[in-house]
Amino acid sequence: MKAITTFFRQPWLFAFAAAIAVWIATAAFTQGQGAGEVLSVAFTFATFFVIVAIGQMFVVTLGPGNVDLSIPATMTLAGTVSMKIMDGLNWMILPGYLIAVAVGVVVGVLNVGLIRVLRIPPIIATLSSSFIIQSAAIWYNRGLRVKPPTMLADFTTAKIAGMPILALLVILIAAVMHVVLNRTIYGRTVIAIGQNARAARLAGLEVNRVRFLTYVMCAVFAASCGYVLAGFSGGAALNMGQEYLLASVAVVVIGGTSVAGGFSNIPGLWGAALFLFLLVTMLNTFGLGAGVRLLLTGLIIIAVITLAGGSRSSER
Amino acid sequence: MTPRITALSLALLAATAMTPAQADTSDKRIALSNNYAGNSWRQAMLQSWEKVAEEAVGEGVVAEADAFTTAENQVTEQAAQIQNLILQGYDAIVLNAASPEGLNGAVREACDAGVTVVSFDGIVTEPCAWRIAVDFKQMGKDEVSFLAEQLPEGGSLLEIRGLAGVFVDDEISAGIHEGVSEHPDFKIVGSVHGDWAQDVAQKAVAGILPSLPEINGVVTQGGDGYGAAQAFRAAGRDMPIIVMGNRHDELTWWKEQKDANGYVTMSVSIAPGVSTLAFWVAQQILDGADVPKDLTVPFLRIDQDNLEDGLANTEEGGVANIEYSLDDAKEVISAAQ
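Scoring rules and cut-offs
Per chain, residues are indexed from 1 in the order of the written sequence. Lettering of chains starts at A and numbering of ligands starts at 1, both following the order in which they are written. Only residues with pLDDT of 70 or above have their local features reported here, since the model is predicted, and side-chain atom pairs are shown and tallied only from 80 upward, although totals for entire chains, interfaces and linings are computed over all residues. Derived side-chain values reflect all non-hydrogen atoms in the structure, with water molecules and hydrogen atoms excluded from consideration. Secondary structure elements follow DSSP: runs of H or I of four or more residues count as helices, runs of E of two or more count as strands, with numbering from the N terminus. We compute the radius of gyration from the C-alpha atoms alone; for a globule the expected value is 2.2 Å times N to the 0.38, where N is the number of residues. Think of it in three bands: with a 1.4 Å probe and only protein chains considered, a residue is buried below 20% of the maximum accessible area for its type, exposed above 50%, and partly exposed in between. We call two residues in contact when some of their heavy atoms are within 4.5 Å. As annotated, the domain borders come from an automatic or database domain assignment. Once two parts are brought into contact, the accessible area they lose, counted with a 1.4 Å probe and summed over both, makes up the buried area. The salt bridge criterion pairs a side-chain nitrogen of Lys or Arg with a carboxyl oxygen of Asp or Glu, the two atoms within 4 Å. A 3.5 Å cut-off defines polar contacts: any pair of N or O atoms within that distance qualifies, except that in protein one atom must be a possible hydrogen donor and the other a possible acceptor, and neighbouring residues in sequence count only when both atoms are side-chain atoms. Residue polarity is assigned by list, with Asp, Glu, Lys and Arg as charged and Ala, Val, Leu, Ile, Met, Phe, Trp, Tyr, Cys and Pro as nonpolar; anything else, Gly included, falls into the polar class. pLDDT is a per-residue confidence score from the predictor, ranging from 0 to 100.

On to the overall build of chain B. On a plain count of helices and strands, chain B comes out with twelve helices and twelve strands. Compactness check: chain B gives a C-alpha radius of gyration of 22 Å against a globular reference of 20 Å for 337 residues, within 12% of the reference. With respect to the principal axes defined by its C-alpha atoms, chain B has extents near 75 × 35 × 35 Å. By the burial criterion, 57% of the 337 residues in chain B qualify as buried. Of the contacts formed within chain B by residues at least 6 apart in sequence, a portion of 72% connects residues at least 24 apart.

So, about the side chain of A:Thr26. Residue and element names in this part refer to chain A. Here Thr26 lies in helix α2 (residues 13-29). Judged by relative accessible area, which is 4%, Thr26 ranks as buried. Those residues in contact with Thr26 that sit more than four places away from it in its chain are Leu278, Met282 and Thr285.

Turning next to the domain arrangement of chain B. Residues and elements named next belong to chain B. Examined at the domain level, chain B breaks down into domain 1 (3-134 + 271-299 + 320-336) and domain 2 (136-269). The C-alpha centroid of domain 2 is placed 33 Å from the C-alpha centroid of domain 1. Interface area for domain 1 against domain 2, summed over the two sides, is near 740 Å², with a carbon-plus-sulfur share of 63%. The tally of links between domain 1 and domain 2 comes to zero salt bridges. Counting every contact that joins domain 1 to domain 2 gives two residue pairs in polar contact (both at pLDDT 80 or more). Across the side of domain 1 that touches domain 2, the residue classes break down as five nonpolar, no polar and one charged.

We now examine the confidence of the model for chain B. Put simply, chain B has an average pLDDT of 89, and 93% of its residues get 70 or more. Between residues 10-22 of chain B, whose pLDDT stays under 50, and residues either more than four places distant or in other chains, the model counts eight contacts.

Our focus in this paragraph is the interface of chain A and chain B. Interfaces are often sized by the accessible area lost when the parts come together. In this complex, chain A contributes 31 residues to the contact, which on the side of chain B involves 31 residues. Between chain A and chain B, the buried area comes to about 2,700 Å², and carbon and sulfur atoms account for 52% of it. Between chain A and chain B we count two salt bridges in total. Two residues, B:Lys203 and A:Glu243, come together in a salt bridge whose shortest N-O distance is 3.1 Å. Here chain A and chain B share seven residue pairs in polar contact (both at pLDDT 80 or more) between them. Contributions of two or more residues to the side of chain A that touches chain B are made by α3 (35-61), α6 (122-141), α13 (267-286) and α14 (290-315) of chain A. Of all the elements, α3(A) adds the most residues to the side of chain A that touches chain B, at five residues.

As C-alpha cells, then:
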C-alpha cells in the first residue's frame, strides 16, 4: 500500500498521464487510425526535446535565477559548424561530433565566464551570449544547408519495430543522468545548491566548480542536440533551435522539476516532451483554428502544471 | 560631427557626385530599418540591399544607404530604432516592419520630421508611408490553380501554414481557401503550422500524417516544402505534389526528384531583392517623382522548364533571387498609376 501511494506521489506521473490521455483522445478522434505511427513519431521528436531538457533541468535545479537561454543559439552553431566541417563525409562523423561537443564546451565556458567573472545574472548572461553565438553561426555559414553524411542521416532516422534508435539511446542517457542526479556527489551537490546555496557552501561543497560543470554540461547537451537534429532534418538551418528555448523550460517544468530549483527528476522530461508533441498533434488532428489551438495549448499546460504542483506541495 | 564639418562634407559630396540624371538625390541619405535577420531569406535580402546600395553610393546616386537590423524582432525596439534614424537625419527610411500597426506612431513621427518612409514586405498601415505590398492572396490562389491543372480530378490537400497570427499567413491561407472554393474537387483534409521553417514543418506534418488519408497535393507558404517532403518520405507515403517556395534546399530536392522520376511541381515566392525595389522607389520619391502610396511586388515563379535556371540563380542555402533596377522600379510605379 505504501509503495502505491509513493508511486502516485511521483511528480513526473502527471506528465505521463497527460501524454497518454492526449494520445488516447487523438486515437479516438481518428478511430484508431495511425495511433501507433503517431506514437512512433512522438518518440522521434520528443527525443530532441529531452536532450536539451536534461541540460536545462540541471541548470534550473541550481536554484532561483539559473536558466540557460543560449540553448537555441548553441544548437544552431554546433549544427552549422559540424555539418560544414563534415561536408557529407561518412568518416568525419566522429570528428564532427567532437567538434560539436567542443562548440558546446566553449559556449559553456563563455556563459560561466560572464556569470562568474563579470557577475552578470545567468538569465542576462546567457541571453547576451546567445546573440554572440547566433551571430557567429550567421557569420560562419550565412544559413547554408550542408547535407549531413549519409550514415549520420540514416542513424538519426533509423527505427527498430517503430521505435527510433535515437530515442532508445536517449532513454539510456536519461537513465544514466538519473543516476548521476540522485546517486553521485556531483548530482547531490547540484540539488543541495538549489535548496540553499549558502548552506551548501558552508557545508564545504564545491559550489563554484559544480556550477561551472553544470553550465558546460548544459551547453554540451544543446550542442549534441544541434548535431543530431541537423543530421535528422537534412542539414543545419539558422532558425533550427528557435522553438527549443521555451520548449526546454516547459519540458523541465511540466516534468515536475521545481522552477525555484532544488527538486528535479529525469523521467518527467520524457513524459513532458511526449506530452507537448502529442498535444500539438492532437489539436492539429482536431483541425481547430490557430487561435483556439494556441489557447488550448496554454490552458492544458497550465492545468497539468497546477495538478502536478498541487500534489507536490501537499507532499511537503 | 560639428555642423561645419557636416556642411563641408556635404559640399564635397555634392561636388564629387555630379551625375547629371540623379543629381537631385546625390546628397540624400537612405536607411534600411529591418526587424529580423535570422533566416536565409532575410540574409539574402540584406545582401541584395548591400550590393545595390553600394553601387548606388559608388555612382553618386545617393550619399548613403545603410542597413540597420534590430536584434530581437520587437516592435518597441524597432520603434526606438526609427526614432534614432530620424535624429540621425536620414532623408528616407526603407522599412521592413515587425508589425503592421505597432510602428505607426514612430512612422508618423518620421513623416512629421519630413522623412520619407517606404515600407515593403512587412508593411505599415500609417497613411503617410508608402507600401510595397505582396499580393499574398493571389499567391495562394495561384498554387491551387496550378494543382488544378496537374490534378484535373481534384483530390485531398494538406495545407502548411506559416506563423500563426501573422498577416502574411492569413492572406496566403485565405487565397488558398478561395482557390479551393473555385475548384470544389479539392478538399483540404489537414492543416498545420510550419512557421516557414523546414524543421518545424517536418515535425508538424509527421505528427498529423498518420491520421490523414492519401494526400494528392501540399499547399505551402515557402520554407516548408523540403521539410514536408522529408516527413512524407519518413512515413513511407506516396509523394504528393508539394508546392515549393524557391528555397535552395527545396529547389535542389525538386531537381533530384525531377531527374530521378520526372516529379512535377512549381515554386513561387517573393525575391528577397524586393528590398532593392524599395530602395529605388524611395530614391524616386526623393527625386520628386509622383509615386502612388500602394505598389505591388511581382512574384518570382519557377516552373518545370525553368527549374535549372532558377536553381542557378539561387545562392546555396538561400532563396531564388533577383535584384531590381531603377527601370524595374519605374515599371512597378507606372503599373500602379
